[in-house]
2 protein chains.
Amino acid sequence: MTEAYKKLEARFHRMGVLSDAGQMLHWDMAAIMPEGGAEARSEQLATLSVLENELMNAPEMGDLMAAAEDESLDAWQKANLGEMKRNWVHGTAVPSDLVEKMSRAETRCEVAWRKARADNDFKGLLPKLQEVLDLSIEAGKAKADALGTSVYDALLDQYDPMMRSDRIDSLFAELEAFLPDFTSEVIERQKAEAKPVLPVGPFPIETQNAVGLDLMKAVGFDFNHGRLDISHHPFCGGIPDDVRITTRYDENDFTSAIMGVLHETGHAMYERGLPKDWRNQPVGKARGMTMHESQSLLVEMQACRSEEFLTYAGPVFKKAFGGDDAAWSASNLHRLYTRVEPGLIRVDADEVTYPAHVIMRYRLERALIEGDMKLADLPGAWNEMMQKLLGITPTDDRDGCLQDIHWPSGAWGYFPTYTLGAMAAAQIFAAARDANPAIPDALSRGEFEPLMNWLAQNIHSQASSRSTDEILKDATGSILGVDAFKTHMHNRYGN
Amino acid sequence: MTEAYKKLEARFHRMGVLSDAGQMLHWDMAAIMPEGGAEARSEQLATLSVLENELMNAPEMGDLMAAAEDESLDAWQKANLGEMKRNWVHGTAVPSDLVEKMSRAETRCEVAWRKARADNDFKGLLPKLQEVLDLSIEAGKAKADALGTSVYDALLDQYDPMMRSDRIDSLFAELEAFLPDFTSEVIERQKAEAKPVLPVGPFPIETQNAVGLDLMKAVGFDFNHGRLDISHHPFCGGIPDDVRITTRYDENDFTSAIMGVLHETGHAMYERGLPKDWRNQPVGKARGMTMHESQSLLVEMQACRSEEFLTYAGPVFKKAFGGDDAAWSASNLHRLYTRVEPGLIRVDADEVTYPAHVIMRYRLERALIEGDMKLADLPGAWNEMMQKLLGITPTDDRDGCLQDIHWPSGAWGYFPTYTLGAMAAAQIFAAARDANPAIPDALSRGEFEPLMNWLAQNIHSQASSRSTDEILKDATGSILGVDAFKTHMHNRYGN
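Given the structure is predicted, the values throughout are model-derived calculations rather than measurements.

This next bit is on the interface of chain A and chain B. Where interface size is given, it is often the accessible area lost as the parts come together that is meant. Each partner contributes residues to the interface: chain A has 36 residues there, and chain B has 36 residues. Each partner contributes to the roughly 2700 Å² buried at the junction of chain A and chain B, and carbon and sulfur atoms together form 60% of this total. Where chain A touches chain B, the interface holds six salt bridges. A:Asp28 is the partner of B:Arg244 in a salt bridge, and the nearest nitrogen-oxygen pair spans 2.8 Å. There are 14 residue pairs in polar contact (both at pLDDT 80 or more) connecting chain A and chain B. Of the residues that constitute the side of chain A that touches chain B, the class distribution is 15 nonpolar, eight polar and 13 charged.

Residues and elements named next belong to chain A. The UniProt feature table records "binding site: Zn(2+)" (unreviewed entry) at His263, His267 and Glu293. Of the residues just listed, which span 31 residues, no C-alpha pair is farther apart than 9.0 Å, and they cluster in one region. Inspection of the secondary structure assignment puts His263 in helix α10 (residues 255-273). By relative accessible area, His263 is classed as buried at 13%. Discounting residues that sit within four places of it in the chain, His263 has contacts with Glu293, Ser296, Leu297 and Glu300. You can call His267 buried: its relative accessible area is 8%.

On to the sheet that holds strand β3 (residues 242-247) of chain A, then. Residues and elements named next belong to chain A. Here three strands make up an open sheet; going across it, the order is β1-β3-β2 and the pairing mixed. Edge positions in the sheet fall to β1 (226-230) and β2 (236-239), since each has one partner strand and no second. Pairwise comparison of adjacent strand axes, ignoring direction, gives a mean angle of 20° for this sheet. As defined by bridge partners, β2 adjoins β3 across four bridges and the pair is classed as antiparallel. Among the inter-strand pairings, Gly237 is bridged to a residue of β3, identified as Arg244.

For these two chains of identical sequence, chain A goes onto chain B by a turn of 180° and a shift of 0.0 Å along the axis, with RMSD 0.0 Å. In short, the pair behaves as if placed about a two-fold rotation axis. Residue A:Leu25, judged by its C-alpha, is the member of chain A lying nearest the rotation axis, at 3.6 Å. When the interface residues of chain A are mapped onto chain B, 100% of them again fall at the interface, so both copies present the same face.

A separate point is helix α6 (residues 122-147) of chain A. Most pronounced at A:Lys128, the bend in α6(A) amounts to some 35°. Positive phi appears at A:Gly148, one or two residues downstream of α6(A), with a value of about 70°.

As a further point, take the UniProt feature "active site" (unreviewed entry) in chain A. All names here are of chain A. When the UniProt feature table is mapped to this numbering, "active site" (unreviewed entry) covers Glu264. As for its placement among the helices and strands, Glu264 is situated in helix α10. The exposure class assigned to Glu264 is buried, which follows from its relative accessible area of 8%. Setting aside its immediate chain neighbours within four residues, Glu264 contacts Pro234, Phe235, Cys236, Ile245 and Thr246. Within the structure, Glu264 has its side chain in polar contact with the backbone nitrogen of Cys236 (distance 3.2 Å).

The next point concerns the environment of B:Ala426. Residue and element names in this part refer to chain B. As for its position among the elements, Ala426 is in helix α18 (residues 416-435). You can call Ala426 buried: its relative accessible area is 3%. Between the C-alpha atom of Ala426 and that of Thr338, which follows or precedes it by 88 residues, the distance is 15 Å. With sequence-adjacent residues up to four places away left out, Ala426 is seen in contact with Gln302, Ala484, Phe485 and His488.

Residue and element names in this part refer to chain B. Across the interface, helix α13 (residues 307-321) lies against helix α15 (residues 330-337) with an axial gap of 8 Å and an inter-helix angle of 110°. Here α13 is positioned roughly perpendicular relative to α15, judged by the angle of their axes. In this structure, α13 crosses over α15, and the sense of that crossing is right-handed. From α13, Glu307, Leu310, Thr311, Gly314 and Phe317 reach across to α15, where they touch Ala330, Ser331, Leu333, His334 and Tyr337.

As a further point, take the environment of A:Leu228. Its location among the elements puts A:Leu228 in strand β1. Spatially, the C-alpha atom of A:Leu228 lies 40 Å from that of A:Lys141, the residues being 87 residues apart in sequence.

Moving on to empty space enclosed by the protein. Empty space left among the atoms is revealed by rolling a probe the size of a water molecule over them. Residue and element names in this part refer to chain B. What the rule picks out here adds up to three cavities of 30 Å³ or more. Here the largest cavity defines a volume of roughly 80 Å³. Surrounding the largest cavity, 14 residues form its lining, Cys401, Leu402, Asp404, Trp407 and Pro408 being those nearest its centre. With three residues, the single largest contributor to the lining of the largest cavity is helix α6 (residues 122-147). Here the residues of the lining of the largest cavity sort into eleven nonpolar, one polar and two charged. In this structure, the second largest cavity occupies an estimated 60 Å³ of space.

In terms of nonpolar packing, the biggest core is built from 119 residues, with A:Phe317 and A:Phe448 touching the most fellow members. Residue contributions to this core reach at least three from each of two domains, namely domain 1 (3-118) and domain 2 (119-495) of chain A. Sequence-distant contacts of A:Phe448, that is, excluding residues within four places in its chain, are made with A:Ala218, A:Val219, A:Ala303, A:Cys304, A:Phe309 and A:Leu443. If you look at the next biggest cluster of nonpolar residues, it comprises 116 residues, including B:Met269, B:Leu336, B:Val352 and B:Tyr354.

A separate point is the pairing of β3(A). Residue and element names in this part refer to chain A. When you tally the buried positions in β3, you get six out of six residues, the bulk of the element. Neither face of β3 is open: one carries Asp242, Arg244 and Thr246, the other Val243, Ile245 and Thr247, and all of them are buried. Inspection of the sheet shows β1 paired to β3 by five bridges, in the parallel sense. Each residue of the ladder has a partner; that of Asp229, found in β3, is Thr246.

A few words now on the sheet that holds strand β2 (residues 236-239) of chain B. Residue and element names in this part refer to chain B. Strand order in this open sheet of three strands is β1-β3-β2, and the pairing throughout is mixed. At either end of the open sheet lies a strand with only one pairing partner, and these are β1 (226-230) and β2. Recorded for the sheet is a direction-independent mean angle of 20° between the axes of neighbouring strands. Across the sheet, helix α11 (residues 255-273) lies against β1, β2 and β3 (242-247), angled at about 165° from β3, the strand it touches most.

Time to look at the environment of A:Gln295. All names here are of chain A. Note that Gln295 resides in helix α11 (residues 289-304). Under the relative-accessibility criterion, Gln295 is labelled buried at 1%. A C-alpha to C-alpha distance of 23 Å links Gln295 and Gly314, two positions 19 residues apart in sequence. When near neighbours in sequence (up to four residues on either side) are disregarded, Gln295 contacts Gly266, His267, Tyr270, Ile428, Leu455, Ile459 and His460. A polar contact is formed between the side chain of Gln295 and the side chain of Ser294, at a distance of 3.0 Å.

Right, let's talk about the packing of helix α8 (residues 165-192) of chain A against helix α15 (residues 354-369) of chain A for a bit. Residues and elements named next belong to chain A. With their axes 11 Å apart at the nearest point, α8 and α15 run at an angle of 140° to one another. The angle between α8 and α15 falls in the class oblique. Of the two elements, α8 crosses α15, and the hand of that crossing is left-handed. Contacts from Ser165, Ile168, Asp169, Phe172, Leu175, Glu176 and Leu179 of α8 reach α15 at Pro355, Val358, Ile359, Tyr362, Arg363 and Arg366.

Residue and element names in this part refer to chain A. Along its sequence, chain A is carved into domain 1 (3-118) and domain 2 (119-495). A separation of 25 Å is found between the C-alpha centroids of domain 1 and domain 2. Contacts between the two partners involve 39 residues from domain 1, matched on the other side by 52 residues from domain 2. Here domain 1 meets domain 2 over a buried area of about 4000 Å², counting both sides, of which 64% is carbon and sulfur.

Another aspect to go through is the pattern of salt bridges. Enumeration according to the criterion identifies 66 salt bridges over all chains in this entry. A salt bridge links B:Asp441 to B:Arg445, with the nearest nitrogen and oxygen atoms 3.3 Å apart. B:Arg445 sits in the partly exposed class, given a relative accessible area of 44%. Shared partners join several salt bridges into a network, and the residues in it are A:Glu83, A:Arg86, A:Asp157, A:Arg164 and A:Arg287.

What counts and how
Residues numbered from 1 in each chain as written. Chains lettered and ligands numbered in written order. Predicted model: local features only at pLDDT ≥ 70, side-chain atom pairs only at ≥ 80, totals over all residues. Heavy atoms only, no water. Contact = heavy atoms within 4.5 Å. Buried area = accessible area lost by both parts, 1.4 Å probe. Salt bridge = Lys/Arg side-chain N within 4 Å of Asp/Glu carboxyl O. Polar contact = N/O pair within 3.5 Å; in protein donor to acceptor, adjacent residues only side chain to side chain. Nonpolar A, V, L, I, M, F, W, Y, C, P; charged D, E, K, R; others polar. UniProt positions renumbered as here; feature names shortened; annotations may be inferred. Helix = DSSP H or I, 4+ residues; strand = E, 2+ residues; numbered from the N terminus. Buried < 20%, exposed > 50% of the residue type's maximum accessible area, 1.4 Å probe, protein only. Pairing = 2+ DSSP bridges. Axes fitted to C-alpha atoms, helices over the stretch in contact; angles between N-to-C directions. Least-squares fit on C-alpha atoms with pLDDT ≥ 70 in both. Bend = angle between axes of the 7 residues up to and from the residue. Parallel < 35°, antiparallel > 145°, perpendicular 65-115°, else oblique. Left-handed = near helix turned anticlockwise from the far one by under 90°. 1 Å grid on protein atoms, 1.4 Å probe; cavity = no way out; pocket = protein on both sides within 12 Å on 5 of 7 lines; lining within 4 Å. Points joined across faces, edges and corners; volume = space filled by probe spheres on them. Core = buried A, V, L, I, M, F, W, Y, C linked by side-chain atoms within 4.5 Å. Domains from an automatic or database assignment.

Here it is as structure tokens:
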């Protein structure tokens, strides 16, 4: 008998479909909606959220979950019931008027942030950002009570289920014990070498687009179930059966758009590979942002910035853009794509200095959430930490604490997943290569099947059936750790 | 006290927002969705419909409407309550399992139709089309009981509220008393004249697109609240604050894409001009398909195929496409755009022969709905009527009874609105010109403000505050009739 469980499945299916509708409307909003559509769109999205919330808060949900506990369920059904509960705790912990207040404050603050960033006006943003912070703390407290965690961990749990800050502290401490000296060494060594040759543009947008589409196909993207479009902020949106990725092009720079497309293709392949039988059930969703970021970074950083793949890509680029042989050689491209240099902007950072950007944001947001720092002191604290971790100081807040959308949009607890994802990517890629030593060689021919088959089986199809650590343990032999990332750093950037 | 009324407003608002979300998802599906997204999309759309249906069928709705009747409402609130009731009757007449069955059968039949049309296989489509017809009749009967109309009129009422078939019979009879002889005369006369010069292509798609965008701006389309995209079937979708129109381009033919864009822009201007204060209330919606089609045909047929507008457009086209002066003269363009020739395909028909296409579909669908004809006899009846009304006979069903998507998709009762809309367009344009004689002259300078201001005030902003006839009476001095259309025919095509 699985009567209660089946009822829950039907309810979560409906919530899942509503969320799908919201995802598609979100994509449209971010990618192609005219500005004047914003008001109506936010009404649509809010209404879908409210309906989803009403379904989640139906009075009989708790009883159904209790009854389902006693039913005879298989492993995936059990895991699904567990995920239902997790979603239910998150979805019911925060009173609906607070949810609505947050949604409004975040939209307001996000809009104000765009202007404040352009005007380099942190003070102007401060009251609105304070409101978002205060409401996030209030919601975090409610979730912390329900989850039995600290406030910060409750926020973190929204993006990376089961991850806790003490774990992050120790992982990041390991990174910090190793990265600063390593980074200096790499920079010194790269300085001593000849500079890589920059391919000379312009690189016509049409051609970049065509190359991007070809490489997406090579990775295995199925254009019957997705699209590539242009948007100001590249992202991966949509749903598993209709994945929408976006990029932006710069005629004078071919490197960022194409690597951006490959990065988003990694996200897309994860979504596509989620188990078809569990669509719109909690257990069928991606495991969380650490795992999601691991899949984009695995494709971009591990696979596509490897000398093997660049051996394949060089001639493809040369054929598309023409120009000098020297610029398109695998070794030159590899040096270009692995250049290390501390910079102010996170999204432009290389693989080696990126963790420092994340670590400082993690420290700062914890201090703000835990009340150890005032929001007004953020710019000073930011610049100080930037100097300490990366040896440079922003000349203004635009390139400092105003650069990211996360905090104004209420995404506190999100930043750590970028670097946890990079660590997971290194660990997963190493395991895939161990399991199938033919993977690097296949990449040098532009063949992703061996890699993608392994990922499909060991990561993508696992969805949320187990925790990130459990999936990693089964796939790689150990839970999330720093070792593989360190090895990757040494292999790619070391002597 | 307007307590019950306000409660109804809140409920209809929520339904309206859900419907908006569905509209945007529909646009995406028709314009840009990859095929593999269809299954998930139909789930999303079905779920939104089910939720809307559940809200409409809430047990307290009847009581709230009765209570609101006794409240003191202003004219628009009263009209809104009236429209709420109309929607409620339509929305609750048909049992939800029948609604679901219809939705499934229509989707199946629409998919089968695409193949059957390509394969010229009416017999293959027959069982699925029969299912759609039977279910439509069943639903029509339920609505007929609730509305107190005939079955056909109940279906018609979905697309053109308050329109009835006896009215259509007498309007179409007037047309038929005049059109056949008139058409023959026009064709004879045009045969005797020199043929218009065809501008020589190719007409690059980019250039066509740029010209289309410029003309949309001239008409008054606000790109902050809408987009122009490419799709296989041109249409106007989206919502008033985010209108999405589409077109298709042919490098060898510049006439159809640009006139198509102007046609859809007419639809879009109506949507944009609906009263902002009544968004997502039934009274704030477009009045129906007759009025909607009147607005597209007014822009395309009345305004943009006039010699005045073509005086402006000729030089615009010449500048964009280059080529021979003779081809781009206003008089040549006008002759080109008013060429009359009976053809097999409705969507390619000229203004003079178009009504015959509609009249025959109206007769045939009534016979099918009223049980006077078997579906298996449709191809024969079609060809016979085509020969009788237009003097030509299709050589296959592909260009005969399989050409339109309406019946396979369950849209019985829709066809008459095309020709009713053409009549309304003539009537409205004549009234606008009478009210502001400067309109034609302005069009010859590419200025649409005088026309659009009059339409905004007299048609667009009136939304569903009154019936089509009442709005027409106030705007033009009389209810829907054939006179203005006849006058237009004589002025444009007569001696």
